[in-house]
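Structural features, examined
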Amino acid sequence: QMQMTGAGEDESMMLQVDVRELSFETWTISISEYQAGFAPYRIDNFTGDVLSYYQHKCESAEGMLQPYSSAVYTWDEPYMSHKLVIKLPGHGSLGAFPLDRVGSVHIVSVP
């Protein structure tokens, strides 16, 4: 999966990119809209505040999550650190969280 953002646009869309080898010299690359269930992560905002999020060291791909909503998520740079930074606008960063540690719980204080 990949996230696509157009230049100058506030919205992005999730795409699914499938690469298959048909034979030694022939491959197919299929690009389609994201279908539910394909993104490796879902971010849920169970607070009354807007949150922002991005992959650690990928601030340019920052997303916003409205109160009581969710968003599908995949890494913008798969070979970089697998930490998700979550910020509370106006208060700063709540931390950088490793999403590869399933089941972990972090308690943070709002700055």
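This section reports on the structure supplied with the text. The structure presented is a predicted model; accordingly, all values stated were derived computationally and were not measured.

Let's talk about the packing of aromatic side chains
- Here the structure, examined in full by the defined rule, presents 2 aromatic pairs.
- Judged by centre distance (5.9 Å) and plane angle (80°), the ring pair of Tyr53 and Tyr73 falls under edge-to-face. Of this pair, Tyr53 sits in strand S5 (residues 51-55) while Tyr73 sits in strand S7 (residues 69-73); the two residues are 20 residues apart in sequence, bridging distant segments of the chain. Judged on exposure class, the residue Tyr53 and its partner Tyr73 are both buried.
- Between Tyr73 and Trp75, the ring centres sit 5.5 Å apart and the planes meet at 85°, which makes this aromatic pair edge-to-face. Per residue, the accessibility class of Tyr73 equals that of Trp75, and both read buried.
- An aromatic cluster of three or more residues is present, and its members are Tyr53, Tyr73 and Trp75.

Comments concerning the nonpolar core
- Counting residues in each nonpolar core, the largest one holds 8 residues, listed as Tyr41, Ile43, Tyr53, Leu65, Ala71, Tyr73, Trp75 and Leu84.
- Mapped onto this core, the elements with two or more residues apiece are strand S4 (41-45) and S7.

Describing the pattern of salt bridges
- Inspection of every chain in the model, using the stated rule, returns 2 salt bridges.
- With a shortest N-O distance of 2.9 Å, Asp44 and Arg42 are connected by a salt bridge.
- The exposure class assigned to Asp44 is partly exposed, which follows from its relative accessible area of 30%.
- What makes Arg42 exposed here is its relative accessible area of 58%.

What counts as what
Residues numbered from 1 in each chain as written. Predicted model: local features only at pLDDT ≥ 70, side-chain atom pairs only at ≥ 80, totals over all residues. Heavy atoms only, no water. Phe/Tyr/Trp six-rings, centres within 6.5 Å; stacked < 30°, edge-to-face > 60°. Helix = DSSP H or I, 4+ residues; strand = E, 2+ residues; numbered from the N terminus. Buried < 20%, exposed > 50% of the residue type's maximum accessible area, 1.4 Å probe, protein only. Core = buried A, V, L, I, M, F, W, Y, C linked by side-chain atoms within 4.5 Å. Salt bridge = Lys/Arg side-chain N within 4 Å of Asp/Glu carboxyl O.

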